[in-house]
Amino acid sequence: MIVFFYDKTFEGFLSAVFDAYSRKTFPDKLLGEGSITPMFMEESYTVITQEDRSARVWASLQKKLSKTACNMLNYVWLSEEEGSEDLLFRYVRKVFDNAHSIEMNFGDDDVLQIHQLAKKVAKEEQYLKQFIRFQKAADGIYFAPVSPVYNALPLAISHLKDRFSDQRWVVYDLKRKYGYYYDLQTVVEITLSDDEHLLSGKLNDALMAEDEKLFQELWKGYFKSMTIKERINPKLHRQHMPKRFWKYLTEKQ
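Observations regarding the packing of helix α3 (residues 67–79) against helix α5 (residues 109–131)
At step 1: It is the contact of α3 with α5, at a shortest axis distance of 8 Å, that shows an interaxial angle of 75°. Taken as axis vectors, α3 and α5 run roughly perpendicular relative to one another. Residues Met 72, Tyr 75, Val 76 and Ser 79 of α3 lie in contact with α5, whose contacting residues are Ile 114, His 115, Leu 117, Ala 118, Val 121, Ala 122 and Glu 125.
At step 2: Taken together, the residues of the contact of α3 with α5 sort by class into eight nonpolar, two polar and one charged.

A look at the environment of His 100
At step 1: Topologically, His 100 is positioned in the loop between α4 (84–97) and α5.
At step 2: For the pair His 100 and Lys 64, spaced 36 residues apart in the sequence, the C-alpha separation amounts to 8.8 Å.

Description of the pairing of strand β6 (residues 169–173)
At step 1: Among the five residues in β6, five count as buried, and that is most of the element.
At step 2: Burial along β6 is two-sided: the residues Trp 169, Val 171 and Asp 173 and Val 170 and Tyr 172 are all buried.
At step 3: When strand β5 (residues 142–146) meets β6, the two strands line up parallel, connected through five bridges. Note that in β6 the partner of Pro 145 across the bridge is Tyr 172.
At step 4: Tracing the backbone out of β5, into helix α6 (residues 153–163) and back to the parallel element β6 gives a crossover that is right-handed.

What to know about the sheet that holds strand β3 (residues 43–46)
At step 1: Taken in spatial order, the three strands of this open sheet run β2-β1-β3, and their pairing is parallel. Of all the strands in the sheet, the pair left with one neighbour each is β2 (29–32) and β3. Strand-to-strand, the axes of this sheet are offset by a mean angle of 25°, without reference to chain direction.
At step 2: Two strands pair when backbone bridges link them, and strand β1 (residues 2–6) and β2 are joined in this way by four bridges, in the parallel orientation. The residue of β2 that forms the bridge with Val 3 is Lys 29.

Structural notes on the sheet that holds β5
At step 1: Within the open sheet, the five strands sit side by side as β4-β5-β6-β7-β8. Their pairing is mixed. Each end of this open sheet is capped by a strand with a single partner; those strands are β4 (135–136) and β8 (187–190).
At step 2: Of the strands in this sheet, β5, β6, β7 (178–182) and β8 touch α6, which is tilted by about 15° from β7.

Side note on the packing of aromatic side chains
At step 1: Overall, the coordinates contain 14 aromatic pairs when judged by the stated rule.
At step 2: With 5.0 Å between their ring centres and 70° between their planes, Phe 134 and Phe 164 make a pair best called edge-to-face. Highlighted residues: Phe 134 in the loop between α5 and β4 and Phe 164 in the loop between α6 and β6, separated in sequence by 30 residues.
At step 3: A relative accessible area of 18% places Phe 164 in the buried class.
At step 4: Put simply, the rings of Tyr 6, Phe 10, Phe 13, Trp 58, Trp 77 and Phe 89 pair up and form one aromatic cluster.
At step 5: The lysine or arginine in question, Arg 23, covers the ring of Tyr 45, its NZ or CZ lying 4.1 Å from the ring centre.
At step 6: The aromatic ring of Phe 26 is capped on one face by Arg 93, whose charged end is 3.7 Å from the ring centroid.

The rules behind these values
- Residues numbered from 1 in each chain as written.
- Predicted model: local features only at pLDDT ≥ 70, side-chain atom pairs only at ≥ 80, totals over all residues.
- Heavy atoms only, no water.
- Axes fitted to C-alpha atoms, helices over the stretch in contact; angles between N-to-C directions.
- Helix = DSSP H or I, 4+ residues; strand = E, 2+ residues; numbered from the N terminus.
- Parallel < 35°, antiparallel > 145°, perpendicular 65-115°, else oblique.
- Contact = heavy atoms within 4.5 Å.
- Nonpolar A, V, L, I, M, F, W, Y, C, P; charged D, E, K, R; others polar.
- Buried < 20%, exposed > 50% of the residue type's maximum accessible area, 1.4 Å probe, protein only.
- Pairing = 2+ DSSP bridges.
- Right-handed = clockwise from strand over helix to strand, strands pointing away.
- Phe/Tyr/Trp six-rings, centres within 6.5 Å; stacked < 30°, edge-to-face > 60°.
- Lys NZ or Arg CZ within 6 Å of the ring centre and 35° of its normal.

Here's what the structure looks like:
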């Protein structure tokens, strides 16, 4: 077994592709630096992430693949699914090693898996766009905690910036301990030193703006008054609004 160790970044992955073709040695397994060495490893190589090399590989992929297919590679990367790195590497090799496009060759298991996994991540992206609920903090910043199954938050940021361009906000992924802050001009990635108080999905009363408390009570009252008990369908409700998002929804508090 040939193993490549790298820094677990997408640029590092692309650098691994570059190095594999340069060395004419292709890994059976990609692992993060510091990972436990597999028992039956015959050869190992540590990839040094280099921006110029990763850029060359990405430019080559853009020439060989459609924009949709390139986006799928990014979606699969963000899935964080076990084995997704090896799946991506096999797919990229097939892209470069075939004279004709493999994008629609669903008879190839790797091609099929890429499409299926990218579709799952895209669905999670849509869920985030639909179910993110901001809460106004005492300092005037709007805050929204999330914990998506896949690392889909970066995919939704452009939409949030356009949709809520007139207010300062923070969207924070509690599962992965990072988020994004928008200051009315730019979006920057952030990490919070203390996010334990956010695990419930709701700001503490001490941190919440007074008008936010009033709005939440009014919204819950409106939601309750508009509910027709005879037409409640819990199964259909969970199908359209997965229960794992409920703790972040004001109407479900």
